Amino acid sequence: MSPAATAICSSSSSFTLFPLTSLSSTKAKTHISVPNGRTLPLLGFSCFSFNYKKPNLIIRSAISIEKETPETHRPDTFLRQSDDDDAALSSSPSSVRSRFEKMIRDAQDRVCEAIEAVEEGGAKFKEDVWSRPGGGGGISRVLQDGAVWEKAGVNVSVVYGVMPPEAYRAAKAAADQTKPGPVPFFAAGISSVLHPKNPFAPTLHFNYRYFETDAPEDTPGAPRQWWFGGGTDLTPAYIFEEDVKHFHSVQKSACDKFDPTFYPRFKKWCDDYFYIKHRAERRGLGGIFFDDLNDYDQEMLLSFATECANSVVPAYIPIIEKRKNMPFTDQHKAWQQLRRGRYVEFNLVYDRGTTFGLKTGGRIESILVSLPLTARWQYDHQPEEGTEEWKLLDACINPKEWI
């Protein structure tokens, strides 16, 4: 049996947890010793392998690990029980880990129910449940070729183990060059992309995630940390101002309940992140986005992430209900497909989560679940100035304040 490990991709726009395949003949460990005499599964990172014959870990290529295990039913929790007191507390109902897992699983249920309700008896989600040998797991749900939805994916993951110091620095982009020891971690998140068929109905992307490291307090270069990240953004092919204003108003309302600076700060962050450099335009009309957020009270940020996740359905579904049955022409559909092409370009070229997964040989169905079923590239296409297509492109080049 090949060694086991887990790979985590925590990027600015997505949160994907997946296994790596064997890309190296270098011998790899499946577990590593941590304080209190425990052993935990090792986290593999892109293009990394580790030579354990030397005192210092050396980056070489990818380590060999095994795939996730399919499950036939959904467990009540993916948090593992442990003989260690601290770990046992992490799975108690009052822990941040436990409450965040409950939040993302409730959000997955709520969003999937809303998506299927819009279908009005049409397509249903296909569900895959999986677990990891070292603990944790996830639920992937995908709906395809429905009456309303071309493709809708809503995934949750709960994973933890141990990452080597190089992986910690890569995850945090830390400036500190001090090399810590092995860093235990916990990561959980929900990620979703919803692509409707009608070109007048916008695409939605949202994800919310929580990450912890459990290094001892005195570990140099790897302090015990936690952080939240996520966001919700809208990508239409045609602009209906009332729709965009409604969407941004819901985002602002969620932010304002916690800090009046959140919405303007996170809106700009969103506009800046979803930028297609080679096109000099944004992927869509923005929303909110944040990452590595831990400079506020932890309980407050947990409540904020919960509020944002709870806002997805009221921000988006009313727009879909208004636009799903609007008549459209082949020209409208062709423009939607061109904009879907931009979506693909951003995700494959710039999205750190997607590019990380592709380089590591991870679970391809999970990595590419955000991509639409269909897209179009047309040589040197330029919409005529003043048309509805031109207005959308102009808004992507020059972000607006919608509210």
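Everything below is about the structure printed above this text.
Residues numbered from 1 in each chain as written. Predicted model: local features only at pLDDT ≥ 70, side-chain atom pairs only at ≥ 80, totals over all residues. Heavy atoms only, no water.

**Section: unusual backbone geometry**
Peptide bonds are trans in most cases, and residues, glycine excluded, mostly fall at negative phi. For Glu120, which is not glycine, the phi torsion reads 55° and is therefore positive. Looking at the element boundaries, Glu120 is found in the loop between helix H2 (96-119) and strand S6 (126-131). Although it is not a glycine, Asp292 sits at a positive phi angle of roughly 50°. Within the secondary structure, Asp292 is located in strand S14 (residues 287-293). (Helix = DSSP H or I, 4+ residues; strand = E, 2+ residues; numbered from the N terminus.)

**Digging into the packing of H2 against helix H6 (residues 298-310)**
With their axes 10 Å apart at the nearest point, H2 and H6 run at an angle of 5° to one another. Between H2 and H6, the angle is such that the two are roughly parallel. Residues Val96, Arg99, Phe100, Met103, Ala107 and Arg110 of H2 form the contact with H6, whose participating residues are Gln298, Glu299, Leu302, Ala305, Thr306, Ala309 and Asn310. A class-by-class count of the residues in the contact of H2 with H6 yields seven nonpolar, three polar and three charged. (Axes fitted to C-alpha atoms, helices over the stretch in contact; angles between N-to-C directions. Parallel < 35°, antiparallel > 145°, perpendicular 65-115°, else oblique. Contact = heavy atoms within 4.5 Å. Nonpolar A, V, L, I, M, F, W, Y, C, P; charged D, E, K, R; others polar.)

**Details of H2**
An α-helical turn contains 3.6 residues, so a residue and the one three or four places further along point in the same direction. Given a rise of 1.5 Å per residue, 24 residues ought to cover 34 Å, and the 35 Å separating the end C-alpha atoms of H2 matches this to within 8%. Looking at the residues trailing H2, positive phi occurs at Glu120, about 55°. (Expected span 1.5 Å × (residues − 1).)

**Observations concerning helix H5 (residues 262-273)**
Between its terminal C-alpha atoms H5 stretches 16 Å, which fits the 16 Å expected from 12 residues at 1.5 Å a residue. Buried within H5 are the following residues: Phe262, Tyr263, Phe266, Lys267, Cys270, Asp271 and Tyr273. (Buried < 20%, exposed > 50% of the residue type's maximum accessible area, 1.4 Å probe, protein only.)

**As for the pairing of S14**
Among the seven residues of S14, six are classified as buried, and the element is accordingly described as predominantly covered. Direction of pairing for strand S11 (residues 226-235) relative to S14: antiparallel, over a ladder of five bridges. Each bridged residue has a counterpart across the sheet, and for Gly230 the counterpart in S14 is Phe290. (Pairing = 2+ DSSP bridges.)

**A word on the pattern of salt bridges**
In total, this model carries 26 salt bridges according to the counting rule given. As a salt-bridge pair, Glu120 and Lys324 come within 3.4 Å of each other at their nearest N and O atoms. In this pair, Glu120 sits in the loop between H2 and S6 while Lys324 sits in the loop between helix H7 (312-323) and helix H8 (330-349), placing the two residues 204 residues apart along the sequence. Take Glu120: its relative accessible area is 64%, and that puts it in the exposed class. Where salt bridges share partners, they join Arg74, Asp109, Glu127 and Arg141 into one cluster. (Salt bridge = Lys/Arg side-chain N within 4 Å of Asp/Glu carboxyl O.)

**With respect to the environment of Gly135**
Along the polypeptide, Gly135 turns up in the loop between S6 and strand S7 (136-144). Sequence separation of Gly135 and Val159 is 24 residues, and the distance between their C-alpha atoms is 6.7 Å. Gly135 has contacts with Arg80 and Tyr160, leaving out every residue within four places of it along the chain.

**Quick look at the packing of H6 against H7**
Two numbers describe how H6 lies on H7: the axes approach to 4 Å, and their chain directions differ by 15°. When the interaxial angle is binned, H6 and H7 end up roughly parallel. Residues Cys308, Ala309 and Asn310 of H6 form the contact with H7, whose participating residues are Val312, Val313 and Pro314. A breakdown of the residues in the contact of H6 with H7 according to their chemical character gives five nonpolar, one polar and no charged.

**Structural notes on the packing of aromatic side chains**
Under the defined criterion, the tally for this structure stands at 25 aromatic pairs. With 6.2 Å between their ring centres and 50° between their planes, Phe266 and Trp269 make a pair best called tilted. Pair noted here: Phe266 and Trp269 are both in helix H5, with a separation of three residues, about one helical turn. Ring geometry for Phe266 and Phe304: centres 6.1 Å apart, planes at 40°, overall tilted. With Phe266 in helix H5 and Phe304 in helix H6, this pair connects stretches of sequence that are 38 residues apart. Across the pair, exposure class does not vary: Phe266 and Phe304 are buried alike. Positioned above the aromatic ring of Tyr343 is the side chain of Arg283, whose terminal nitrogen or guanidinium carbon lies 4.0 Å from the ring centre. Above the face of the Phe240 ring, Arg323 is positioned so that its terminal group lies 3.8 Å from the ring centre. (Phe/Tyr/Trp six-rings, centres within 6.5 Å; stacked < 30°, edge-to-face > 60°. Lys NZ or Arg CZ within 6 Å of the ring centre and 35° of its normal.)

**Brief notes about the nonpolar core**
Of all hydrophobic cores here, the largest spans 57 residues; its most connected members are Phe100, Ile115, Trp149 and Phe228. Here the element with the most residues in this core is H2; it accounts for 10 residues. Other than its neighbours up to four places away in sequence, Ile115 contacts Phe125, Leu143, Trp149, Ala152, Leu194 and Ile317. Among the nonpolar cores identified, the runner-up in size contains 13 residues, and Ala237, Ile239, Val244 and Leu392 belong to it. (Core = buried A, V, L, I, M, F, W, Y, C linked by side-chain atoms within 4.5 Å.)

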